[in-house]
Amino acid sequence: MHNKVIVIGGGIAGASITRALAKRGVQVTLLERSKQLCSGATWHAAGLVTRFGGSPKLKKLHVQSLAMLREIHDAEDVGLHLTGSIRIVHKNDPDRLLEAKHHVELARLYDEADLPTRLIGTDEIKALHPLIDTGDVEAGVYTPMDGDIDPTLLTTHVAKLAKQDGAEIVFGADVKDIDRRGQGEFVVTTHNGHAYTADGVVNATGLWSQEFSQQLGLPHPAMVLEHHYIITEPVAGLDARNRLPVLRDLRGSSYIRQERTGFLIGPYEDTVAIKRQWPAGPPKDWEWGLFDDNLYRLEQNLGSAFELIPVLAEVGTASVVNGPTIWTGDSLPRCGRTPIPGYYDFNTLTYGIAHSLPLSEYLAHIMLEGEQAWDLSAEADPLRYWSLTDKDYTHDKIFESYSHNNRIVYPFEHRPAGREHLPGYNAALPDILRKAGGVMGFSMAGGEFPLFYTPKGEEVEMKSFHSHAWARYAEAEAAHVRSSVGLSHANFSKIRVSSGASDAATRLLDIATTNTLPKVPGACVLSYCTTPKGKVLAEFTITRESNAHDYYLIGSRDYAAHDVEWLKQQARVLLPEADIRITDESANIEILHVAGPKAGALVGALHEPLAQLRFLKSTKATVLGVEATVFRVSFTGEAGYEFHVAAGDAAALYEKIAAHPKAAELDCKPFGSHALNSLRLEKGFLTRGDIDYAAWDEVGIERFVDISKDFLGKAAGGDPTRRRGIFLVHTAAGFEWSIPSDCPVKNAAGDIVGFTTSSAFGGEVGKAVALGYIKYGSDGAPLAAVGEDGLTVEVYGQHFPVESVAAPPVPVRGLKKKKKKSPATVTASPAADAPPAKSSTACQTEGFYTENVRKELETAYTLPPELYFDKDVFEVEKKKVWEAAWVLIGTTLDWREEGTVKTMTVGTQPLVITKAKDGKIRAFKNVCRHRGNMVCDKKQQPLGECGKHNTLVCRYHRWCYALDGRLLAAPLFTSEEGGKRNRVAKGPTEDEVAQDKNADPEVVSKAKIIAKNFDKNDFGLIPVRLETFGHLVFVNVDGENPATLREYLGCIADQLSEHEATWSDLDNMVSVAKVEYTSKANWKLLCENYQEYYHLPSVHPALCEVSVVNDHKRCQGAGANIAFKTHPLTNGGTPIDPEVFPALPTLTGENLETAYHHYVFPNMFVFNYPHSMFVIRLEIDEVGVTREYAELVMHKSATEVEGFEEKAKKMCDFYDMINLEDIDICENVQVGIQAKEYKGGRFSFRFEETVHRFQNLYADYMTRYVPGLVPPGDETMRPGTARLRPAAGNPTSVLHI
């Protein structure tokens, strides 16, 4: 975007950006007021460089910096000493230790694999730095390859590289004026009368940077302050060539590094000397200047350093440096675009030596490509403080940041300095919120907002990493919003984009954002702002305000100024001649927010017409005497409304709503941002931080992307490096709110596969919910699958299991309005915004199960009874369970011969299963690819029965398919290959059509070419995922189950490995008997009955003779199964006694006297005795009718037993008796559970742990199709979840009952 640039300032920042631009071919002139480089703050800098970062983005910046510095130093010595560094954690400071662990965890995202940041003990600290007294030291954070560098050598060398790339450096060029003229040209004049022209200017003047901002009318909230360091006399034994690690004495707030054979100590003292008297920087003649030293201010810091390194107290001071440096309120740099096109800030770099090189690359991307390569908007953008130009605020914030430089940073702490100077601090609305008990936070953009509410006057400690004192208030607020109605203040940006009668604003937003724009006034859409390289920069709710081209955008408050300038930049580039007005209205408009299921009732009482406002619509209204624009939206994901009002009217409207009689009747309560965060995360709603500057096809915003239109960066999609992740974290008590952003997610092998972007406790799901990303590997595949075993996060030294889920755990509510009742039916208390969800809807939400099966076994209740007889629920189950799980459809014995075809329905889907000539069994959707007729219908073969076919021919238009799914023939269609016509029996050729005397001439003409570009290979049968285990055949209809069949079977596959060896060979198998049953009971009742043996003595006394209740043992492991066994088997005189028939020849050891009783979700029961397998397969018919297909299979050697037929018949009769006994009791239960008063029962811990597990498996599939939410107390669902609970005295993983 720039060809010729002027850089003002010759310190490390100016030299770095000059070099970054010059090496990219830009003509650069650097103007330095002094006669040589480094005359401001660079020359006296302590030169520290580090790979450590207090936040992951700064960590990334620092890692990049060290890589660049090492590359430079390898080419030419610039005084780089890579000693490593140790951040000292003292004893009796548990929070500091937690913070240290946190830093080590987060460092893993960007650490090089061979240079990990580590938490080390005192022995290693002493080994690395022998002069430390570790008596009062607990630990240290060790960062390898940290150190220091000579600032002057570095700057000089970088400038030399810039000159080699063609840059010009002019000394003695003291800039007087910067003038931006037409066509984007700048003229920069100096005090000696020279003028320089360019199309871009970079303010890299450091200490003097405020001068030019003020000249151009730009705010520049920064100030110069004093910073000391002292250099000691030589210390005996120090080797200048083998330096000790740099130390950060966190308790004493100092850095301590070796300087030749002495030490350099740099404190951050509590009494900061800020130069308010220098509003434009130091005097003109200040170059190379220093302040007088003032060591009294440093006594406490130096005393701590002497305690840490006792030898320091024994040596003198060689020199003291007290130099000027310039700080912002958050101690971070100003690097990026400004409101003046072509004019950039690259100054106020508190840590300039460490930051300048990577930030110059960052800025070069913005200047030349129009966008950053990665995002530091919150950390470096000059616009982040845009509205906070008050000098008192700036002073107080800098004082706090400097003096707190090494204080512990708590995740929910809002440090208070300067808050009273905020533009709206004394406004009426914040005052009302405080009086209501609001504990206020504030953002860098200057807005105050309530975090949560407490009883008036109650103070709450905010400095904590876990077990937060405020959590109970936030959780109660969120629960109240979910059940009733709440009132809050919403802290969003408000931006107007207008072009009146011209369509320019519409054209701009159509290109700059992803979604289809609203076409009528009052309509709203959620859309995303993208960059030319396809990165997502911002999220907006966009509303059309009028029939003209006027739009109102609601976005992130902290980024308002940044977003305005971005939109203006796109307008200049895309529509340079257009007149588009883009204004930030954030300070002029406040938003009040009403949310919850009763929000509609409250808002309707405030202004009756608003009760009929539809979702994603807005309207103007006078509400309780206040003019407002009312939106039917809510960031909570609950039913809700936003009232956008003039800032001066917000307090009055808030008070009127809170005092309204309807608010009291509905128990309307205030709620804060922590509750809001909890609610929005459960629904998967994103914030700016969750977007994380990812590509548009990585963020998970497909619903809000109109792929049919050309938006910025659309073509850049298609090569994602990550995808949206939704995580449920099973934390220890007290850590539910403690999952930090940028927390690495690791797999079972310890590899990082993703990271979090935000989190909160989800009150409805009862655990921490986090958003984030799953990374992709070099093969373009995700490094972790939905539902993958063994995922964890490490949080403050603790490891917590993580579930990666496919969808948000709680659905968005309140999207539709109820139809208004007629006056005759209106009650005194209007209904809530939405009626209670039907069971068929509610059963798909996690909250439906939290008060029953999601609890631990001792306190859990069984599933609500309506799930067993509600027809709508049954229809949901077909898709959520039967099409999503691995379902048993038969055995290989059913398809013993080639040409066998069987049809069936699984869930809602018609299937045809074939065995082709190649011997493979395949499953397909039973649909012809022509017009959708069943390819094998009931006239060709009865549903559920096996038949013999050479091909499959659709009866409708005679399309013919091979049994391997290939389309063989399509009459009167032309293939691209060869142009030949396909023909099947009874299908007329073109000649036959032509010879038909009664044929329509037009039909004859069209018969010559029926279809162009038709390829039979594209129209084969639709395959369905099919796998086998032994002789058992399973399908996964929707094809999306993350597990293979063996993974799904889990422990069963291992326990039956010896049995599988026999059952895999058809020649060894004998099908002894098949029986079909019809049970007038819901399928789940049959499953639950099979899984528990609580009922055995009363229902199956004969079975207890061979399978003794006390000999049943849980052998549960991974997989979607219930597993237990009987061992040892006894000979009780029953037809299934182990001695009746010989054992399978592949069995050994314990398996010779063990019966396995397995259930595989959702439809397989298996009795595996040493001599036989009895399999029951369920098929669902109606909600209260289930068909059972039972088959008894033995090894062929059993047929040689004397009296085989009689013994086999007795065995079949015995199984038949047992199964009929089960059916009888289940049919009784089906009737009993429909009693109105019955709401569900309780579980027997001793015998019904299996049923609890089954009902949780069911809940998993009904809610999110991600297994693994079995509560603590059940056997483990998947490896790594560690939820085994053995009986007392039994430490094994097998629970003896």
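One can find the structure itself at the top, above this paragraph.
What this report covers is the structure whose coordinates are included nearby. (Residues numbered from 1 in each chain as written. Predicted model: local features only at pLDDT ≥ 70, side-chain atom pairs only at ≥ 80, totals over all residues. Heavy atoms only, no water.)

### As for unusual backbone geometry
Now for step 1: The omega angle of the peptide bond from His1127 to Pro1128 is -5 degrees, so this bond is cis rather than trans.
Now for step 2: The topology assignment puts Pro1128 in the loop between β52 (1121-1126) and β53 (1155-1160).
Now for step 3: The linkage connecting Phe1161 with the following residue, Pro1162, adopts the cis geometry, with an omega of 5 degrees.
Now for step 4: Locating Pro1162 in the fold gives a position in the loop between β53 and β54 (1164-1169).
Now for step 5: For Cys38, which is not glycine, the phi dihedral falls at a positive 75 degrees.
Now for step 6: Among the residues examined, Cys38 registers a relative accessible area of 3% and is labelled buried.
Now for step 7: For Ser253, which is not a glycine, the phi torsion comes out positive at approximately 50 degrees.
Now for step 8: Position of Ser253 among the secondary structure elements: in the loop between β15 (246-249) and β16 (254-259).
Now for step 9: Taking relative accessible area as the criterion, Ser253 reaches 9% and is therefore assigned buried. (Helix = DSSP H or I, 4+ residues; strand = E, 2+ residues; numbered from the N terminus. Buried < 20%, exposed > 50% of the residue type's maximum accessible area, 1.4 Å probe, protein only.)

### Things to note about helix α30 (residues 1249-1263)
Given 3.6 residues to a turn, an α-helix orients residues that are three or four positions apart in the same direction.
Now for step 1: In this model α30 runs 21 Å from its N-terminal to its C-terminal C-alpha over 15 residues, within 8% of the 21 Å that 1.5 Å per residue would give.
Now for step 2: α30 sits mainly inside the fold: 15 of its 15 residues count as buried. (Expected span 1.5 Å × (residues − 1).)

### Here we look at the pattern of salt bridges
Now for step 1: All told, the structure shown has 70 salt bridges when counted by the stated rule.
Now for step 2: Glu124 is the salt-bridge partner of Arg118, the closest N and O atoms lying 2.6 Å from each other.
Now for step 3: In this structure Arg118 comes out as partly exposed when scored by relative accessible area, which is 32%.
Now for step 4: For Glu124, a relative accessible area of 28% gives the class partly exposed.
Now for step 5: Salt bridges linked by common partners bring Arg33, Asp174, Glu211, Lys284 and Glu287 together as one network. (Salt bridge = Lys/Arg side-chain N within 4 Å of Asp/Glu carboxyl O.)

### Here's the deal with the sheet that holds strand β28 (residues 581-584)
Each strand in a sheet pairs with another by means of backbone hydrogen bonds, the pair being arranged parallel or else antiparallel.
Now for step 1: Pairing is antiparallel in the open sheet, where five strands are placed in the order β25-β26-β27-β24-β28. Of all strands in the sheet, those with a lone pairing partner are β25 (524-530) and β28, marking the two edges. Strand-to-strand, the axes of this sheet are offset by a mean angle of 30 degrees, without reference to chain direction.
Now for step 2: Bridge count for β25 against strand β26 (residues 536-544) is seven bridges, and the pairing is antiparallel. In the sheet register, Thr530 faces β26, and the bridge partner there is Val536.
Now for step 3: Across the sheet, helix α14 (residues 560-574) touches β24 (492-498), β25, β26, β27 (550-556) and β28, and the angle it forms with β28 is around 175 degrees. (Pairing = 2+ DSSP bridges. Axes fitted to C-alpha atoms, helices over the stretch in contact; angles between N-to-C directions. Contact = heavy atoms within 4.5 Å.)

### Observations concerning the environment of Pro283
Now for step 1: One can find Pro283 in the loop between β17 (262-267) and α7 (299-308).
Now for step 2: Judged by its relative accessible area of 34%, Pro283 falls in the partly exposed class.
Now for step 3: Through-space distance from the C-alpha of Pro283 to that of Trp208 is 8.8 Å; in sequence the pair is 75 residues apart.
Now for step 4: Not counting chain neighbours up to four residues away, the residues in contact with Pro283 comprise Trp208 and Trp278.

### Overview of the packing of helix α27 (residues 1083-1091) against helix α29 (residues 1204-1232)
Now for step 1: Put simply, α27 and α29 touch, their axes get as near as 10 Å, and they point 130 degrees apart. In terms of their interaxial angle, α27 and α29 are classed as oblique. The crossing of α27 and α29 is right-handed. Taking contact as the criterion, the partners of Leu1085, Leu1086 and Asn1089 in α27 are, on α29, Asp1222, Ile1225, Cys1226, Val1229 and Gln1230.
Now for step 2: The class makeup of the residues in the contact of α27 with α29 is five nonpolar, two polar and one charged. (Parallel < 35°, antiparallel > 145°, perpendicular 65-115°, else oblique. Left-handed = near helix turned anticlockwise from the far one by under 90°. Nonpolar A, V, L, I, M, F, W, Y, C, P; charged D, E, K, R; others polar.)

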